[in-house]
Amino acid sequence: MRDYLLTLCVTAAVTYLLTGPVRKFAIATGAMPEIRARDVHREPTPRLGGIAMFFGLCAGLLVADNLQNLNGVFELSNEPRALLSGAALIWLIGVLDDKFEIDALIKLGAQMIAAGVMVMQGLTILWIPVPGAGMVSLTSWQGTLLTVALVVITINAVNFVDGLDGLAAGMVCIAAAAFFLYTYRLWYSYGIEAAAPATLFSAILMGMCVGFLPHNMHPARIFMGDSGSMLIGLVLAAGAISVTGQVDLDVLKIFEGSTRQATHTALPVFIPLLLPLTIIAIPFADLVLAIVRRTWNGQSPFAADRGHLHHRLLEIGHSHSRSVLIMYFWSALIAFGVVAYSVHSASTWILLVIVVLSAVGLVLLLLPRFTPRAPLWAQSFVPPRYRRKRRGEAAAGELAPPVAAPAPAGETQPVTEERTPVPAGVNGATALGARSRLPDRRKAGSRN
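The structure reproduced in this document is the subject of the present report.

## Thoughts on the overall build of the protein
Secondary structure assignment for the protein yields 15 helices and four strands. Out of the 448 residues belonging to the protein, those deemed buried represent 47%. When contacts within the protein are restricted to residue pairs at least 6 apart in sequence, those whose partners lie at least 24 apart make up 71%. Carbon together with sulfur atoms contributes 65% to the accessible area of the protein, which is approximately 22700 Å² in total.

## Structural notes on a nonpolar patch on the surface
Together, Trp-349, Leu-352, Val-353, Val-356, Leu-357, Val-360 and Leu-364 make up a nonpolar patch on the protein surface, roughly 620 Å² of accessible area in all. With respect to the secondary-structure elements, Val-353 resides in helix 15 (residues 348–366).

## Here we look at the nonpolar core
Tyr-4, Leu-57, Leu-200 and Leu-205 are the most contacted members of the largest nonpolar core, which has 91 residues in total. It is helix 7 (residues 167–188) that contributes the most residues to this core, 16 residues altogether.

## A word on the packing of helix 1 (residues 2–28) against helix 2 (residues 50–65)
Here helix 1 crosses helix 2 at 150°, and the two axes come no closer than 7 Å. The angle between helix 1 and helix 2 places the two elements in the roughly antiparallel class. You can see that helix 1 and helix 2 cross each other, and the crossing is right-handed. Between helix 1 and helix 2, the residues in contact are Thr-7, Val-10, Thr-11, Val-14, Thr-15, Leu-18, Thr-19, Val-22 and Phe-25 and Ile-51, Ala-52, Met-53, Phe-55, Gly-56, Leu-57, Ala-59, Gly-60, Val-63 and Ala-64, respectively. The class makeup of the residues in the contact of helix 1 with helix 2 is 13 nonpolar, six polar and no charged.

## Quick notes on unusual backbone geometry
Positive phi, close to 65°, is recorded for Leu-48, a residue that is not glycine. You can see Leu-48 is positioned in the loop between helix 1 and helix 2. By relative accessible area, which is 3% here, Leu-48 ends up buried. One non-glycine residue, Glu-101, adopts positive backbone phi at about 60°. Inspection of the secondary structure assignment puts Glu-101 in the loop between helix 4 (79–100) and helix 5 (104–120). The class of Glu-101 is partly exposed, set by a relative accessible area of 47%.

## Section: helix 5
Helical geometry note: an α-helix holds 3.6 residues per turn, so side chains three or four residues apart project in the same direction. With 17 residues, helix 5 extends 24 Å between its outermost C-alpha atoms, agreeing within 8% with the 24 Å of an ideal straight helix rising 1.5 Å per residue. Taken together, the buried positions of helix 5 are Lys-107, Ala-110, Gln-111, Ala-114, Ala-115, Met-118 and Val-119. At the N-terminal end of helix 5, a side-chain oxygen is found 3.0 Å from the backbone nitrogen of Leu-105, two or three residues along, and the residue is Asp-103.

## Some thoughts on the environment of Arg-322
Here Arg-322 lies in helix 14 (residues 320–343). In sequence terms Arg-322 and Leu-364 are 42 residues apart; their C-alpha atoms lie 9.4 Å from each other.

## Brief notes about the packing of aromatic side chains
All told, the structure shown has seven aromatic pairs when counted by the stated rule. A centroid spacing of 6.1 Å and a plane angle of 85° characterise the contact between Tyr-4 and Tyr-184, whose relative ring orientation is edge-to-face. You can see Tyr-4 sitting in helix 1 and its partner Tyr-184 sitting in helix 7, a full 180 residues away along the chain. The buried category is assigned to Tyr-4, whose relative accessible area is 2%. Geometrically, the ring pair formed by Phe-180 and Tyr-184 is stacked, given 5.8 Å between the ring centres and 20° between the ring planes.

## Side note on the pattern of salt bridges
It is possible for side chains of opposite charge to pair when their charged atoms get near one another. Considering all chains together, one arrives at three salt bridges under this definition. When the shortest N-O distance is used, the salt bridge between Arg-47 and Glu-101 registers 3.3 Å. Taken together, the residues span a long stretch of sequence, with Arg-47 in the loop between helix 1 and helix 2 and Glu-101 in the loop between helix 4 and helix 5 at a distance of 54 residues. Across the salt bridge formed by Lys-107 and Asp-226, the nearest N and O atoms sit 2.8 Å from each other.

## Looking at the state of the cysteines
Each disulfide consists of one covalent bond between the sulfur atoms belonging to two cysteines. One pass over the full model with this rule turns up zero disulfides. Cys-173 provides the cysteine sulfur closest to Cys-209, a residue in no disulfide bond, and the two sulfurs are 5.3 Å apart. On the accessibility criterion, Cys-209 (0% relative accessible area) is buried.

Here is what the cut-offs are and how they apply
- Residues numbered from 1 in each chain as written.
- Predicted model: local features only at pLDDT ≥ 70, side-chain atom pairs only at ≥ 80, totals over all residues.
- Heavy atoms only, no water.
- Helix = DSSP H or I, 4+ residues; strand = E, 2+ residues; numbered from the N terminus.
- Buried < 20%, exposed > 50% of the residue type's maximum accessible area, 1.4 Å probe, protein only.
- Contact = heavy atoms within 4.5 Å.
- Areas by Shrake-Rupley, 256 points an atom, 1.4 Å probe, with all protein chains shown as cover.
- Patch = residues over 30% accessible without salt bridge, like charges linked within 9 Å, V, L, I, M, F, W, Y side chains within 5 Å.
- Salt bridge = Lys/Arg side-chain N within 4 Å of Asp/Glu carboxyl O.
- Core = buried A, V, L, I, M, F, W, Y, C linked by side-chain atoms within 4.5 Å.
- Axes fitted to C-alpha atoms, helices over the stretch in contact; angles between N-to-C directions.
- Parallel < 35°, antiparallel > 145°, perpendicular 65-115°, else oblique.
- Left-handed = near helix turned anticlockwise from the far one by under 90°.
- Nonpolar A, V, L, I, M, F, W, Y, C, P; charged D, E, K, R; others polar.
- Expected span 1.5 Å × (residues − 1).
- Polar contact = N/O pair within 3.5 Å; in protein donor to acceptor, adjacent residues only side chain to side chain.
- Phe/Tyr/Trp six-rings, centres within 6.5 Å; stacked < 30°, edge-to-face > 60°.
- Disulfide = S-S within 2.5 Å.

Pasting the structure below:
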C-alpha cells in the first residue's frame, strides 16, 4: 500500500505542476476554441490539459518500475507497456483534436486502433465469468472484439460526461478509487498476482485526476480536452480489462459444491467483476440517451447538443457546483455500494444504507433551489453565500454601491463613479481561488 500511495502522489504532483506550463502553452498556440452553443462556460478557456495528465501517467509508471514491491508487475506482465502504447496513440489523436477539431469518425477509428495495439501486446480479455458455468474461455476473435468494444464504450462515456468543470476528472477519480479497493483486495487478500496491474493502473489514474482537479474545478482555468478525457477513459478501460478478463477466479475455489450453491457463493465476485460497467453507469446512461435522442431527432449520433444529464441539472435550477456534486454523489453511491456488497453480501444493512442514500439523492434532485444557511455560531467558518444576511447588508455576489469620487474645484455636488465589473480574462482565475472582478487589460483571445 505504501508503494501504491507513493506512485499516486508522484503522479498527482507531476500532473499538477505541469498543468500550469501546459496552460500557457495552450494559450500561446491558440488552443482556445470559441464558445459553442452547447458550452456552459462564458469565456474562452484553453484546452490540452491531457498533456499534463499523460506525463503524469508516464511518471507514475516510471516510479512504479523502480519500486521493489511493484517492479514485478513489469517483469511478469506486459500490460503496463501495452497500456502506455495505447495511451500514447489515443493521447496524440486527442491533442490534434483539441487543436484542429478532428472528425468524429476519425477519432472513433483511432480509439479502435489504440485498443487493437493493447490487444496485440497482451492486454485483452481471455475469459469471462458466467454464473452457473464458471470461467468461459474466449477465442482470439471473441476476446479482441469484446476488448475493443469495452475500450470504445468507456472512452466515449467519459468523453460525453466531460461537460462541466471538474465533472469528468472527479467521476473517474471516484470510479478509480472504488476499483482500486476491489483489485487491491484481490491482490493482497487472495494473493492473485494477476490483479496487480489493474491495481497499479487504478492508483495512477487517481493520481492523474487528483493532480488535474485543482486547475479544473469551477471556475476552470484549463480543460482536459479530448486529449485528457479519452486518455483517462482508456486507462479506466485497461484496468477493467486486466481484472475482468485475465484474473482466474478458480483460485478462489468458489465454484465447488452444487451449481446453485456455487452460483450463490460466487455472486459477490461476479458483481464486482461488472464494476467497470457500474462505475461508468451514469456516463454510459448519458451515452445511450444521447444516441437515442439524436437518432430520434434525425441527427447524427456524434452531433453535439445540450441534452446531457449535467445540462438537465442546470436547466432545472441547480448551480454549476451543485450539479457536479450531485453527479459525484451518484457515482460514489453506485461504485462504492457495489464494492461494499462484494465484501459483505450477507449483510442487509449495506442494502439499507444504499436505499437511504438513494432517497437522499432524490431529495437533492427535487430541491434545486434550496440554499442551506449556516447557524449563527458558524457564520465565520463557511463561504459567504451560506451566511445569513443582516439588515442593510448586501447579499453575497451583489455589487457594491457606487463610489463617490472627490468633487472637482468649484463644484458642490460629488460626482458618482460607476465601476462595472468586467469578467476576468484568460488569466483571471487561480487554481484554488475565485475569479477576479477587476478589468483585464488583455483580450480573452490574446496569445501574449
